[in-house]
Amino acid sequence: MAYDLEEQEQLENIKAWWRQYGNFLTWLLIACLLAFAAWNGWNWWQRKQAGEAAVLYEQVLKAAEARDVERTKRAAGDLEDKYGKTAYGQMTALVAAKVLYEAGDLAGAKSQLQWAVDHGDGEYQHLARVRLAGVLLDEKAYDQGLALLKNEPPSPFVALYADRRGDLLAAQDKRDEARAAYRQALDKLGVDEAGMRQIIQFKLDALGTA
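Residues numbered from 1 in each chain as written. Predicted model: local features only at pLDDT ≥ 70, side-chain atom pairs only at ≥ 80, totals over all residues. Heavy atoms only, no water.

*Asks:* Would you take a moment to explain the packing of helix H3 (residues 87–102) against helix H5 (residues 122–138) for this structure?
*Replies:* H5 packs onto H3 with a crossing angle of 20 degrees between their chain directions and a minimal axis gap of 10 Å. Regarding the angle of H3 to H5, the classification is roughly parallel. Of the two elements, H3 crosses H5, and the hand of that crossing is left-handed. Residues Gln-90, Met-91, Leu-94 and Tyr-101 of H3 form the contact with H5, whose participating residues are Tyr-124, Leu-127, Ala-128, Arg-131, Val-135 and Asp-138. Split by residue class, the contact of H3 with H5 holds 7 nonpolar, 1 polar and 2 charged. (Axes fitted to C-alpha atoms, helices over the stretch in contact; angles between N-to-C directions. Helix = DSSP H or I, 4+ residues; strand = E, 2+ residues; numbered from the N terminus. Parallel < 35°, antiparallel > 145°, perpendicular 65-115°, else oblique. Left-handed = near helix turned anticlockwise from the far one by under 90°. Contact = heavy atoms within 4.5 Å. Nonpolar A, V, L, I, M, F, W, Y, C, P; charged D, E, K, R; others polar.)

*Asks:* How should I be thinking about helix H7 (residues 158–171) in this particular structure?
*Replies:* Since the α-helix packs 3.6 residues into each turn, any two residues three or four apart lie on the same face. In this model, H7 (14 residues) spans 20 Å end to end at C-alpha, consistent with the 20 Å of a helix rising 1.5 Å per residue. Contacts from the buried residues of H7 go to H5, helix H6 (142–148), helix H8 (175–188) and helix H9 (194–206). Trailing H7 by a residue or two, Asp-173 shows a phi angle of about 65 degrees, which is positive. (Expected span 1.5 Å × (residues − 1).)

*Asks:* Explain the layout of surface pockets to me, please; I cannot follow it from the model alone.
*Replies:* Its volume calculated, the largest pocket comes out at about 250 Å³. Every residue along the wall of the largest pocket is listed here: Leu-94, Ala-97, Lys-98, Tyr-101, Glu-102, Leu-113, Val-130, Arg-131, Gly-134, Val-135, Asp-138 and Arg-164. Secondary structure elements with two or more residues in the lining of the largest pocket: H3 and H5. Its residues placed into classes, the lining of the largest pocket shows 6 nonpolar, 1 polar and 5 charged. (1 Å grid on protein atoms, 1.4 Å probe; cavity = no way out; pocket = protein on both sides within 12 Å on 5 of 7 lines; lining within 4 Å. Points joined across faces, edges and corners; volume = space filled by probe spheres on them.)

*Asks:* Where do I start with the packing of aromatic side chains in this structure?
*Replies:* Each aromatic ring pair is specified by the distance between its two centres and by the angle formed by the two planes. In the structure shown here, the tally under the stated rule is 1 aromatic pair. Ring geometry for Tyr-57 against Tyr-88: centres 5.5 Å apart, planes inclined by 50 degrees, an arrangement best described as tilted. Of this pair, Tyr-57 sits in helix H1 (residues 2–65) while Tyr-88 is found in helix H3, placing the two residues 31 residues apart along the sequence. A relative accessible area of 12% means that Tyr-57 is categorised as buried. Under the relative-accessibility criterion, Tyr-88 is labelled partly exposed at 24%. (Phe/Tyr/Trp six-rings, centres within 6.5 Å; stacked < 30°, edge-to-face > 60°. Buried < 20%, exposed > 50% of the residue type's maximum accessible area, 1.4 Å probe, protein only.)

*Asks:* Got a minute to help me understand the nonpolar core in this structure?
*Replies:* As a rule of thumb, nonpolar side chains are buried together in soluble globular proteins. Core analysis: the biggest nonpolar cluster contains 34 residues, and Leu-113, Leu-149 and Leu-168 have the highest contact counts within it. Elements with a contribution of two residues or more to this core: H3, helix H4 (106–119), H5, H6, H7, H8 and H9. No other element matches the 7 residues that H5 contributes to this core. Counting only domains with at least three residues in this core, you end up with domain 1 (47–119) and domain 2 (143–209). Aside from chain neighbours lying at most four places away, what touches Leu-168 is Ala-133, Leu-137, Tyr-142, Gly-145, Leu-146 and Leu-149. (Core = buried A, V, L, I, M, F, W, Y, C linked by side-chain atoms within 4.5 Å. Domains from an automatic or database assignment.)

*Asks:* I'm lost on unusual backbone geometry in this one. Help?
*Replies:* Where the residue is not glycine, phi is negative for most of them; where a peptide bond is considered, it is trans in most cases. Its identity as a non-glycine residue notwithstanding, Arg-67 has a phi of 55 degrees, on the positive side. Relative to the elements of secondary structure, Arg-67 occurs in the loop between H1 and helix H2 (69–83). Even without being a glycine, Asp-173 presents a positive backbone phi close to 65 degrees. Take Asp-173: it is sitting in the loop between H7 and H8. By relative accessible area, Asp-173 is classed as exposed at 53%.

And the structure:
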């Protein structure tokens, strides 16, 4: 009988505990299940987006390889509109900008590079900044180009930024500042970048001595 009373008391304690915390635990379980479902759904959506973007990116590459400017612009526009948040959007903008630049469409190249600057991140954004500054150099928009490169980038891009700043400053005949920029670029180049080092050294020598 004592055992039955003890068992009944434990059962009542469990019921009381459930009355106090049962609703909370139920809602917590539901929230966890919903979060798990949402996480799975988000991963599935990202994989779907990446797969579809990869197909369009192939079209961009084929159009670029054929130097088909109009087809490149159309494919790039479609990809950036639909899948601009994927890495393929940034890669597409850089590819399209190169094709347009080589075709003499500076406005189109600037538009693509500006898109990559505004929507990109990491290495793609920094490459887009350097290349856009190069287009602005061609257009003699030197101050705009320098403004793009005013902030210090991550270490892998310091030499590229400094080299392009040197080009812009040299074009403005700011020789001392250009020399300083080229010297910074040389200091930051890796030992395996001999080709770029030679080019920068040539530009530095062309400025003459201070």
